[in-house]
Structure formats: structure tokens, C-alpha cells
Amino acid sequence: MTNLLLLGFLPSGSEWVIIALLILLLFGGKKIPELMKGLGKGVKSFKDGVNEAKEEINKAKDDIEEPASKNK
């Protein structure tokens, strides 16, 4: 039920155009590429962190499973 209520607040097609125009007016045409570049770097950094955490978890899992298989 709450998911349906949240969907009612999402912008539709024409509202996205208005939002884009407001962003353009607030930041100007020269700042937007810099903002997108920063956003891209942030997303890349986040993905690298997630992958690093997965590798650490898999390494720890392998370290735990390895001695267990030697005991058999």
C-alpha cells in the first residue's frame, strides 16, 4: 500500500522537463558537466567499494571453508 502512495509522488514526463530547466537555471550550462563528472566519480567510487567489500567477504568465506575441508 505504501509503495502505491510513493509512486504518486514521482514526477511524470512534463515534470522532468520542468525540473531539468530549473537545474539549468540554478547551476548554469557550465556547471552541469562538472556536476555530472563529480556524480560519475562518486558512483564509480561506490561501486569500487562494494566490489572490494564483496572480495573481502569471499576471501574470509574461503579462509573459513578451507580448514573445514582439511579436517575431513
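Let us look at the structure shown here. All figures in this text were calculated on a predicted structure; none of them were measured in a lab. (Residues numbered from 1 in each chain as written. Predicted model: local features only at pLDDT ≥ 70, side-chain atom pairs only at ≥ 80, totals over all residues. Heavy atoms only, no water.)

Below, the discussion takes up a nonpolar patch on the surface. A contiguous nonpolar surface patch, about 880 Å² in accessible area, is contributed by Trp16, Ile19, Ile23, Leu26, Phe27, Leu35, Met36, Leu39 and Val43. Tracing the sequence through the fold places Trp16 in helix α2 (residues 13-70). (Patch = residues over 30% accessible without salt bridge, like charges linked within 9 Å, V, L, I, M, F, W, Y side chains within 5 Å. Areas by Shrake-Rupley, 256 points an atom, 1.4 Å probe, with all protein chains shown as cover. Salt bridge = Lys/Arg side-chain N within 4 Å of Asp/Glu carboxyl O. Helix = DSSP H or I, 4+ residues; strand = E, 2+ residues; numbered from the N terminus.)

Another aspect to go through is the pattern of salt bridges. Enumeration according to the criterion identifies one salt bridge in this entry. Across the pair Asp48 and Lys44 runs a salt bridge, and its minimum N-O distance is 3.3 Å. Placement of both Asp48 and Lys44 in helix α2 is noted, with a separation of four residues, approximately one turn of the helix. Judged by its relative accessible area of 40%, Asp48 is partly exposed. (Buried < 20%, exposed > 50% of the residue type's maximum accessible area, 1.4 Å probe, protein only.)

Within the element layout of this structure, Leu24 appears in helix α2. The exposure class of Leu24 is partly exposed, given its relative accessible area of 40%. Ignoring anything within four residues of it in the chain, the contact list for Leu24 reads Gly29 and Ile32. (Contact = heavy atoms within 4.5 Å.)

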